[in-house]
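Structural features, examined
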Amino acid sequence: MISSVNNNNRTIVLAFSMNRLILIIFLTFVSTLLNEAKAAQLPSNITPQQLEQFKRLPPAQQKSLAQSMGIDYKVLRAQLAGKKSKGVEEEQQALSQLFPRGTQYDELGNPIFDEEFTVEEEEDDGKPKPFGYEVFANEPVTFAPSMDIAIPENYLVGPGDTLTIQIFGKENNEFEIEVSREGDVVLPELGAFNVTGMTFVETKRFLATEIKSKILGVDVIVTLASIRSIRVFVLGDAYKPGQYVLNSLSSVTHAIIAAGGISDVGSLRNIQVKRGGKLVTKLDLYDLLIKGDSSSDLMLQSGDVVFIAPVGDRVTVDGEVKRPAIYELVENETFSDVIQMAGGLLPSAYPSSTVVEGFNKDNLRTVRNIDLTDPKALLGQVKGGDYVNVLKTSQIVENSVTVIGAVERPGKYQWYQGQRISDLIPNIHAYLSNDADLTYSLIVREKDIGRNIEVLQFNFFDAVSDKNSVDNIELKSRDKILVFSNQEIVSTDIDSLESLAFTKDELLEIEKENAEKKFKDKQFWQYYDEENSQSAFNLTEEIDKAEETLKQTYKSIEELTGDAKIEPELRELNFFSRKRLLASVIEQLKRQAASGEPLQLVEVDGAVKYPGIYPLVKNGRIDDLVKAAGGLQESAYLVNAEMTRNDIVQGQAQKQALKIDLASALAGNDNQNKLLKSKDRLNVHHIPAWQENHTVELKGEFMFPGKYTIRRGETLGQLIKRVGGFTDYAYLEGSLFTREAIKQLELKNLVKVSESLRMEIASKNLSDREGNMTFDYEQTNQLLADLTSVKPIGRLIVDIPLIMANEQSDVILENGDMLYIPAKQNSINVVGQVQVTSSHLYQPDLDAFDYVELSGGMKKQADDSRIYVIKANGRVEIPNNRNWFASEGSQLEPGDTVVVPLDSYYMEDLTLWQVATQIVYQASVALAAISNL
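Everything in this summary refers to the structure shown in the same document.

Quick look at the sheet that holds strand 36 (residues 897–900) now. Sheet strands pair via backbone hydrogen bonds, and the direction of the pair is either parallel or antiparallel. Reading across the sheet, the 5 strands line up as 33-32-36-34-35 and stay open at both edges, with mixed pairing between neighbours. Both outer strands of the open sheet, strand 33 (838–841) and strand 35 (876–877), are each paired with one neighbouring strand and no more. In this structure, strand 34 (residues 868–870) lies alongside strand 36, joined through 3 bridges in antiparallel fashion. Each residue of the ladder has a partner; that of Ile-870, found in strand 36, is Thr-897.

So, in structure tokens, the structure goes:
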């Protein structure tokens, strides 16, 4: 009994366990189905536009995007394929959205691109292309596109169309019925209604009437649910000829687009539509493309043939037309027709001399000119192969004057008869720049059809302030007015006047661009060849460092010369200097000089502000030439000037010198203010013995230090006596005398040594065939950096005690000289390749080697055989042997500097190394001498 109960319990438990297991399996299956369904569902926030974009993506990107959204990619593709199979027309893209020719598609109809697909536009070579072909050029489509457009009233209902018939009122019902092959619309319980040959409007009216007559008390609405497809042939010179399935609303152009457009040898102007073997119509696509006339775009029927004939004669229209292209011709077309095809002429066209290239009867090239402004010429017939080139008009602006130079608004201005300078520029402050020279301006005028010029001079101030002044010259068309700046530079570039008709900012930008184009560093790569190419590329980093060092050198030079402190405005003023604006005028006057046409140039020199060569102005006199030169200097000698003139006497050239009373000439005396002739040269003398104030500065241990004005020829010893001599603490052996001229020479030497050392380093390494880098670049770059940081002192070594004792050793002073006398010193300096660069108290019983030992001794790379001493007054003494320092007459003195140079062995025998280090050491000693000033 108990055993039976236990067995029953086991059966119950086993059954319960089985049921539980089945339930778990079922729930797992249901969960899996739900997850798959969930994965197969598209998120509700995805718009149709996003879905279309997704379909256009490459398969790899589609898969990645689907995974990121938690959607099964395979299920998604199957769902999209199923959706498309339900309605091909709804998912097919419109013809206007077709992809370019050559695009491939997958089974879903998506375009297939490479992973790195990029759309590359065809390069435009500037040549005219055949007109209109790109409008129809697309990838061929074999299915009818969806056309969400209103059904036209004259649309013929036929087999394959689907009608929606809604009945409401006493009875409510809706039917969607396809028109049968016999043209019948069969309604349940009502029978068949034949609509063959009826338009859509007639069909609606017919069906509504018939249904109302059979069912009383209802209203009927008939709509077209879907339209039938038709099959047409696109043949001839189509891009891809063949049979195409189109919408029944498709026209000829739709069929052409479906076939991928027209091939390069197909005609746009001879498209034939044939129906039942008979020609129905011809279509000229130029009517559609140029005029927008689609009246000839016939609606197609099933079985129609669209035949594209070969292209006919063509003409190329190029140049100044709105639409340059290659156009197809039909019979009897004229130049007027061709210009209309090209959209007409541009305003910049010069139609009076249009060039037409073609072929004659012998197939030889011909060129002829036609006047498109002549009605008869426009009626001329165009031939196949003609090349019509409408030329551009001249850049010369008629009825204009050009203002160039130091004005606020340079450029071209309108000219009218009777216009004068005061009419063009009525206000000096509003029109001229602050730096404009009001006393000297020019008018450059063309005097004949050969464009030879003459030059007129006027005073802007007088022209504007007094309208009746002779300076208020009447202008002529194409005059150029030059307004000069009162700043001057030396210009080596010759610019055309037209290229200078810009503002200061515009010219600055042009100058900047030109400078960037001219900047090329070829110094290093001139050593490059195939064998040392690798070592050359290994030097890139070192070369960059050297170039940067050179840039720092030039930066230091700018700081030393003061260029960096010049305000930008001052630099801008120089764009309109006399030399720059007159350069092209002078060149033109030189070119037009010939026999019987003397050179219209004169020259002025001497005590004027801007000496040089100037144009000989019309009716120009001596005072005009002085104004052209910017006026007289303060030192000008007015009593007597000299003018040299070339005269032709009995067929021979003779020079004569004319004495001019310059004061009378400038006052307007006609006897002295002579008319100028070709190649006259005026020399304005300086006042005899004239000299500007020249100053010399005395610093240090003088009784009365300061700046002093010197006489011409005064010497240093005379000046020292004049200021009272020295103090009791003056150390004459440590004097420092500087001169501006020597400073400029040192500056040039610094640049030369820096560049030469840099080039020598690069040359030695580039010539190393094995690419072994043996230089210590850290040390070489440090030396280059030291050179760039050296400031030229302009030191001239003088012996003050000798000068004071012997007048024969004295120095004639120049403007800007400076003499510094330090106080008595009691130290010896040690620099160079020692352990510690230091200064030591002077001890008479110690020699140079003793002081070197006091500085920690020499480094390993020191050259102990070339130790030298820079004396306190700058003189350098070089020993002949180690015992030199103990020799009599060469003992160290307070203020001296012992220099331990680097052994050139460590620098691979760089020839400039010794020169560079000596410059640095000497400059350091000189700077130390004046560091307390």
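Another point: unusual backbone geometry. You will see that Asn-332, though not glycine, has its phi angle at about 60 degrees, which is positive. Mapped onto the elements of the fold, Asn-332 is located in the loop between strand 14 (325–328) and helix 10 (335–341). Residue class for Asn-332 comes out exposed when judged on its relative accessible area of 57%. The residue Asn-399 is not glycine, and still its phi comes out positive at about 50 degrees. With respect to the helices, strands and loops of the structure, Asn-399 is situated in the loop between strand 17 (387–390) and strand 18 (400–405).

Right, let's get into the nonpolar core. Considering soluble globular proteins, one finds that nonpolar side chains tend to be buried as a cluster. Within the largest apolar cluster, 59 residues are counted, with the highest numbers of intra-cluster contacts made by Tyr-614, Ile-622 and Leu-682. Ignoring sequence-local partners within four residues, the contact set of Leu-682 consists of Glu-603, Val-604, Asp-605, Ile-622, Leu-625, Val-626, Ala-641, Glu-642 and Met-643.

Turning next to the sheet that holds strand 13 (residues 314–319). Spatially, the 5 strands line up as an open sheet ordered 14-13-17-15-16, and their pairing is mixed. The strands lining the two open edges of the sheet, one partner per strand, are strand 14 and strand 16 (365–370). Put simply, the sheet's adjacent strands are angled 20 degrees from each other on average, direction ignored.

Counted by the stated rule, this structure contains 24 salt bridges. The partner of Lys-291 in a salt bridge is Asp-287, and the shortest N-O contact between them spans 3.9 Å. Here Lys-291 pairs with Asp-287, and both are found in helix 9 (residues 285–291), just 4 residues apart, close to one helical turn. Taking relative accessible area as the criterion, Asp-287 reaches 23% and is therefore assigned partly exposed. When the shortest N-O distance is used, the salt bridge between Glu-642 and Lys-659 registers 3.5 Å. Of this pair, Glu-642 sits in strand 25 (residues 636–649) while Lys-659 sits in strand 26 (residues 652–660); the two residues are 17 residues apart in sequence, bridging distant segments of the chain. Overlapping salt bridges bring together Arg-269, Asp-284 and Glu-333 as one network.

The rules behind these values
Residues numbered from 1 in each chain as written. Predicted model: local features only at pLDDT ≥ 70, side-chain atom pairs only at ≥ 80, totals over all residues. Heavy atoms only, no water. Pairing = 2+ DSSP bridges. Helix = DSSP H or I, 4+ residues; strand = E, 2+ residues; numbered from the N terminus. Buried < 20%, exposed > 50% of the residue type's maximum accessible area, 1.4 Å probe, protein only. Core = buried A, V, L, I, M, F, W, Y, C linked by side-chain atoms within 4.5 Å. Contact = heavy atoms within 4.5 Å. Axes fitted to C-alpha atoms, helices over the stretch in contact; angles between N-to-C directions. Salt bridge = Lys/Arg side-chain N within 4 Å of Asp/Glu carboxyl O.

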